[in-house]
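# Summary of the model geometry
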Amino acid sequence: MLSVKDLKVVFRTRRGPVEAVRGIDLHVEAGETLGIVGESGSGKSVTSYALLRILDAGGSIRAGDIVYGGIDLRHAPERQMADIRGREISMIFQNPRSALNPIRKVGHQIEDVLRRHNRATRGTARAKAIEAMEAVKIRDAAKRYDAYPFELSGGMCQRIVIALALACDPRLLIADEPTTGLDITTQKAVMDLVSQLIRERGMSAIVITHDLGLAAQYCDRIAVMKDGEVVETGRSVDVFTAPRHAYTRRLVDATPRDGASIRSLLPAEVRTPELTHTPSPEPLLRVQDLVKTFEGKSGPVHAVKGVSFTVHDGETVGLVGESGCGKSTTSSMVVRLLDPTSGHIMFAGEDLAKTPAKAFARDPRRASIQMVFQDATDSLNPRHSAERSIEEPLRRLAKLSSRARIDRVRELADLVGLPRHLLDRFPHQLSGGQKARVGIARAIAVNPRFLILDEPTAALDVSIQAVVLNLLADLRAKLGMSYLFVSHDLHVVRLLCDRVVVMRDGEVVEAGTAEEVMEHPSHPYTAELIAAAPRPPVRHQAA
Amino acid sequence: MSDATAPAPARQSTLGHIGYVLRDNPVTLVAFLMFALLIVLAFFGPMLAPYDPLASNASRALEPPSWDHWFGTDNLGRDILSRVIVATRLDLTISVAAVALSFIAGSVLGAVAGYWGGWVDAGLSRCLDTIMAFPLFVLAMGIVAAMGNTVENIVYATAIINLPFYARLVRAEVNIRRNAGFALAAKLSGNSDARVLALHIFPNALPPMMVQVSLNLGWAILNAAGLSFIGLGVRPPTAEWGIMVAEGANFIVSGEWWVALFPGMALVLAVFTFNLLGDGLRDMVDPRRRT
Amino acid sequence: AGNDVLVAVTGYTVNSLDIHRTGTNRPSYQIAVNCYDRLVSFGIKETEEGLSYDYETINPDIAESWTVSEDGKVYTFKIRQDAVFSDGRPVTSKDVKWSFDRAVTVGGFPTSQMAAGGFKRPDQFEAPDDYTFVITLDEASKLALPDLAVPIPMIMNSELAKEHATADDPWALEYTHKNTIGSGPFTVARWDQGQQLVYQRNDKWTSGPLPEIQRLIMREVPSPATRRALIERGDVQISFDIPNKDAAELDANPDVDVFSNPIENAIYVVGLNYAFEPFQDSNVRKAVAFAIPYEEIFQTAAYGRGKPLWGGKAGVTSTEWPQPSPYYTDLDVAKDFLAQSGYKDGFEVPLSIDIDQTSWMEPTALLVAENLGKLGIKVTINKIPGANWRTASLVEKRLPMHLETFGGWLNYPDYYFYWCYLDGHLFNSSNYKSEVIEELVPVTLPLPVDDPAWAPNVKKMIETAFEDIPRIPLFQPAVNVATHGAEGYVYWFHRQLEGKTLKKS
Amino acid sequence: MGRLRQISKRVAQAIPVVVGVVIISFVLTRALPGDPAVYFAGATADEKSIAEVRANLGLDKPLPTQFLYYVRDLATGDLGRSLSTGQPVTEDLARRLPASLELTLCALLLSCLVAIPLGVLAATRPNSWVDHLCRVLVTTGVSMPTFFTGILLIYVFYYLLGLAPSPLGRLDFIYIDPPSVTGFFLIDSILAGDWETFLGALKQLVLPAVTLALFTLAPIARMTRAAMLSALSSDFIRTARAAGLTWRTILFGYALRNAMLPVITTLGMVFSFTLGANVLVEKVFAWPGIGSYAVEALVASDYAAVQGFVLAMALLFVALNLVIDILYTLIDPRIGFAD
Ligand SMILES: Nc1ncnc2c1ncn2[C@@H]1O[C@H](COP(=O)(O)OP(=O)(O)OP(=O)(O)O)[C@@H](O)[C@H]1O
Ligand SMILES: Nc1ncnc2c1ncn2[C@@H]1O[C@H](COP(=O)(O)OP(=O)(O)OP(=O)(O)O)[C@@H](O)[C@H]1O
Ligand SMILES: [Mg+2]
Ligand SMILES: [Mg+2]
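As a convention, each chain's residues are numbered from 1 in the sequence order in which they are written. Each chain takes a letter, starting from A, and each ligand takes a number, starting from 1, following the order in which they are written. Under the rules for a predicted model, residues below a pLDDT of 70 receive no local features and side-chain atom pairs below 80 are neither given nor counted, while totals for whole chains, interfaces and linings still include all residues. Excluding hydrogens and water, the side-chain figures rest on all heavy atoms present in the structure.

Residue and element names in this part refer to chain D. Boundaries between domains were set according to an automatic or database domain assignment. The domain architecture assigned to chain D consists of domain 1 (2–75) and domain 2 (89–331). Summing the contributions of domain 1 and of domain 2, the shared interface buries around 1,800 Å²; its carbon and sulfur component is 76%. For any pair of parts, buried area is found by adding up, for both, the accessible area (1.4 Å probe) each one loses once the two are put together. If you sort the residues of domain 1 by the area they bury against domain 2, R10, T29 and L32 come out on top, with a joint share of 25%. By salt bridge we mean one thing: a side-chain nitrogen of Lys or Arg within 4 Å of a carboxyl oxygen of Asp or Glu. For the pair domain 1 and domain 2, the number of links is zero salt bridges. A 3.5 Å cut-off defines polar contacts: any pair of N or O atoms within that distance qualifies, except that in protein one atom must be a possible hydrogen donor and the other a possible acceptor, and neighbouring residues in sequence count only when both atoms are side-chain atoms. The interface formed by domain 1 and domain 2 includes two residue pairs in polar contact (both at pLDDT 80 or more).

This brings us to the UniProt feature "transmembrane region" (unreviewed entry) in chain D. Residues and elements named next belong to chain D. UniProt marks residues 12–32, 101–124, 136–161, 205–224, 263–281 and 309–331 with the feature "transmembrane region" (unreviewed entry), using the numbering shown here. Numbered from the N terminus, helices here are DSSP runs of H or I no shorter than four residues, and strands are runs of E no shorter than two. Structurally, residues 12–32 is divided into 95% helix and 0% strand, and its ends, taken at the C-alpha atoms, are 31 Å apart. Measuring from the first to the last C-alpha atom of residues 309–331 gives 32 Å, for a span that is 100% helix and 0% strand. UniProt positions are given in the numbering used here, feature names are shortened, and annotations may be inferred rather than shown by experiment.

We now examine the interface of chain D and chain B. With 44 residues of chain D at the contact, the number on the chain B side is 41 residues. Buried area between chain D and chain B, both sides added, is near 3,900 Å², and the carbon and sulfur share of it is 80%. Per-residue buried area on chain D facing chain B is highest for R135, F147 and F148 of chain D; these three make up 15% of the total on that side. Inspection of the chain D/chain B interface yields zero salt bridges. Across the contact surface, chain D and chain B share three residue pairs in polar contact (both at pLDDT 80 or more). Mapped by element, the contributors of at least two residues to the side of chain D that touches chain B are α1 (2–31), α6 (129–143), α7 (146–160), α9 (195–232), α11 (247–284), α12 (290–299) and α13 (303–331) of chain D. Tallying contributions element by element places α11 of chain D first for the side of chain D that touches chain B, with nine residues. Each residue receives one of three labels: charged for Asp, Glu, Lys and Arg, nonpolar for Ala, Val, Leu, Ile, Met, Phe, Trp, Tyr, Cys and Pro, and polar for the others, Gly being one of them. The residue inventory of the side of chain D that touches chain B, partitioned by class, reads 33 nonpolar, eight polar and three charged. Whether two residues are in contact is decided by their heavy atoms, any of which lying within 4.5 Å being enough.

Glancing now at the interface of chain C and chain B. If you look at the interface, chain C gives 19 residues, while chain B gives 21 residues. A combined buried area of about 1,700 Å² lies between chain C and chain B, and 59% of that area is made up of carbon and sulfur atoms. For the pair chain C and chain B, the number of links is one salt bridge. K245 of chain C is the salt-bridge partner of E256 of chain B, the closest N and O atoms lying 2.6 Å from each other. Taken together, the links from chain C to chain B amount to two residue pairs in polar contact (both at pLDDT 80 or more).

Structure follows, in structure tokens:
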């Protein structure tokens, strides 16, 4: 149905041409779902844009053939392409909210497409649009018709995007990371919906994702991409259980899954024995009845409603929960960036909540509690080089001489595995993993006893995530730090944490050892979370 | 992408970066060349001017451009070329001083309001609104009329009417960054609020401010010229482009176009240069533009 | 525009239709002359510059005849019986009395101008019957009769005015501010403040031959360049009060006629303020007077329009006024004088000018500053906004060195001296005080010109003024008017455009 | 509903601004150097008549008392009487404001008609020669002092070529002002069905409006370009392209409408800025507007006129912001809900 041969895409950039896609071959049979996996920047999106010829300015198809149902898409006139887009081949994108025109009613946006492809007239458009919305299981579709994107939840927006894509009954659907940015439970609902619709309508589909687990669960075949090339194609189960290419193997290894250990995420070549850490029974941090109420525009927002938990010396505690449940707010209070409305933060026997957050910067205990932020890019000053960023706490908190600082920064760089020559780069010149390391180096620069990690790997590729998780585990063992690890990914939490605290709506619903909570969740919400996580097939440990 | 495969672009030197910005955009290059010319004229103008810009010569009044007087002479027989050249320094001084003043004051006020918010912010915003509620040129006129038309007062008036633009811009830029990760990280590193604001957040507001600065430099010159046009500008016989145009304007209809045209062209050229400079300046101070 | 409509442009704006009102500006005086009659008016004469008013001749206007008592104190006027106001009501001596009472009572400029002629109180005016009007002066003065021909003592329709008077406003100033209630050759048909004033001929006018034009439109165009373009292209027929430079150049255009009349009894001067210490030194004043580049100023500031007032013969031989001073440009002489003074090494002084008069003041100031610089006197030029100018220069008299101008409506030298050289008087911006002049002016002012004491007194005054030189005369300015397709322009001392003589050509 | 609340909040926010403007205008006028009493007492006034005038004007009272009187009069809608025009300030403003507004609005309209297409054109071809040319063109416009442009245009189009009518204000004297309904000659003449006057007024308007428009092209064009660029690079445009919508629909229906938000904000700023720049243009073209009124009042220390002018401007500004807010809510449904 669709076959792509030797596709090459080149971008003109400041530093000369960039070959984003370097000769790939793909084909999709009728009724088949093809998964394309690969890490960030491997050329997945560019490939999909090339198929529809909607590359950004500066990008062009350099070579290759794209044939869809006998039509040469590479050379088809623009007019014909415009007819094909949306009617024959359509596409859904990641981040549903920004994929919709923010100032146009969602119903009208669907109508625009319907009328563009003569699927509706002015008179019938509304009814048809509502029909399309109902098809993606939007309840009260007639009412939602007049809603603007900002009035809908993320999952709802993604359904609209899907409705938009499917409105004209295309025969091929391309989904580019359709669930990134969505909650884990919503993610499952959306993916289930997409696969159901594909099956019902007998469409073909290409699902692009960096999540191998997701691909394996929903696709018939998988193509693995790396650096603009397809390194391996095969049936999903085969690719997963018996990867042939070394890169595929690494990817499969790095995907967190049931029964994996933290070291097993790393490629076999670099695996070292896991260092052990032994939590002591001494409590280091005891959070008691922590409450935070924000003065919102429409009344108070109870972000955290009385949370209590304990972290022992040398222990790692996971804090899990859906988006918006109050994880970040809790960690901000513990790290003393935010004043709690009430409650106590007992740290090494003293109540930190007594010192206002404003004054804590000059508090002697500042150095002992540090934090690694969720978004590494956002947490680095764009005007400061990596060295300058790592140096900052040394300068302010440790008050080292400039010679000593340079030595210490190098030492830290080595410790977190950041090549020294990268130290004078600016954040935008570093990769995600490198930025994460800079962030970690900065946080551990002053030897804190307690480190809060607020989703430190959420923005990273699986292989980098694996490296970072191992790095954290090693540091914990070497430096004897305690962690509070905030995450929404239960698999990851289980790998790293000794104990888990599950939050929902600002309250703790369950707490216990990682094993216990994962294997025998006592609260239905926990069970739901665990069920929603994609479960890739287990790899045969033959290779 | 993993560390090993990450392309490792070498860090560019600052000069190399400036060179790139200039090569990348021909318009910016032209603007910078003209800017260099203006600077040279401002510094060495009095040495370069062929005649004394203040010396009158009634017998050669209102002569059209000739080999003696490239730009002709004005109604007192003064050499227009010399006056245009010498005026560069004063005009640049007025605009640079005014912009510097409003830049500093606006930055401080805007940063404080944007960072702490609350009633400081509300109070300041209302004050700025009040200033903006005046047609700004008229406000400048009022200030100069009330305080007297000296160069300093023109600078103050121009600074006051520019102030809201900086304050608002900085306020907005600071506001979106006050809870950015790097600001929080800086606090964790032991920086007090004031330090975070001054050393971490504020410098990041610089790129958009550079555009504003360059626009305002041009605008400040126009403003001074406008004040001169209605008789509230700098004092004669000081050479200043605005006054020269304003005076020359009366001669256009009688055919002595050169009296207004050349200073006018100098004025237009300078403002033009400043206006074009903005994007280039922004690209230069923005580290993200370096690759 | 039809054949009987004339369009004139000026750079000034009219702000009231009543000259008696506080705050009425100079351009508004034209209403007083075009829409109202007086008891008497000046005649018109032919000069080399075209038509001009004639100070020597006083013609009847509303008054058909008058007699003066032996002692010169009682003036009895007979009012013409056919004179009517524009609403048709006959003009009576009651109206004259009411108008005069008003002028001497409302205060401000009208009252002080009336006082100059000796008219100070309502009890000086009587209307024994409808057509007789009697004025009794405290003392005889040659200024009395001419002062009745200036714009101020205009005759208003008192009945109509009284209808609009209120307790707060007994003189109906509010009403006349926006309406004309005179018997003059024109009425105001339309007044769009800030834009235009449209005069409509008053067909009931009887004080002279009916004007040939039906309408006179006065357009306000602030930009002189635009005014010049308009007159050159013939889109308007008259451009009133044009800059000297335009006058010089428009003269060359064969389609355009330019009239440049030196303004009588007016002088542009450099004022040296006695309150500023160096200027108390007579050698310094003379040094300055010899350093001023008169010719260049006359050429650049006036483009040769007007009359030079320097380089006169030593010794005052005539009573002509203004007359050239004995000073001329000679830097060596100036240097000698300065060397003899207590300020050999010069000094610093600000030279103040009025923003509203920059067209002549600025080039003059620049040239003066340049030459004084050569003596070592460092001059900085200080522009003062119009509103502040009067306060600073005339009321507070605090400007050390400044440019000044005064023009007396009544064309006598002693009248000029009265305003400009007497201690404390408004236009004596130099704080000048001379025993001789203090003594001479009050006795000379009432004397008739043919009195034997008059000429010697005046000569003595002029001599003293030239010797002490607190005001250095530069030149006598001209009022320039360009016409393109109009004729009959008459120069008037009040420097306003009178419509009654105008016609299209 | 949210929007109504938003609007009333905006009005409430304007109150301190108006209070501030009242105070500043009072202080500013009293800080002016001239003594209006002397100025208006006339050419040959003496101490006594100056004192009389001063008492008449109420200037002999202490400043706080003067301020109280001023506020009291304001409360009754009395802006006082201008000394230099001799008219009540409200009348002056009522006559001159429409003249300025007509000029400014026409200039802005003209400017938008040119600048927005230019900006869109530049945004669709970023960094091409078209883009650079647009940039240079509009920058040249904003680099020319308005009075210089105005004089140049008059010289070329009226004096040399004779194409433009004489720069004599709003209407040549051969026409009669249309009966005043809105004060806008263009509209009033249409209402009166007087096409000749309409054409006459239009002709007078062309040069000053072009002068002003040239000056305002740059901010509008640049903002349009920037907003269009960012709109065109947003995700929803890609969605629209992938759905096969035509380029026209995408460009105008999707991108431009989103780009209008910042453009409207800019328009608001340009409008208030242009009202200030009017001062110079009005002087050059003898336009009987509010700008030239303000200059004269300021130079003459005409307190009531300056105060009235400033107040009128502030109210206009507040109204303008309201209009912009309403436009905003019309275009962007998010306003009034999320902040
Ligand atoms: N407009 C562009 N100009 C220059 N280079 C580009 C452009 N768009 C993409 N690229 C380059 O093409 C390569 C592939 O990008 P692409 O977006 O396809 O990656 P991806 O596999 O979709 O990654 P992700 O998972 O992060 O979405 C990257 O190296 C990127 O730098
Ligand atoms: N400054 C604030 N003002 C008002 N409400 C806030 C503020 N900060 C957070 N909230 C609200 O508090 C709740 C908890 O937010 P928090 O950021 O702690 O969630 P989270 O669990 O970290 O979510 P995520 O996984 O998306 O990061 C949310 O409903 C949020 O809207
Ligand atoms: Mg992608
Ligand atoms: Mg969070």
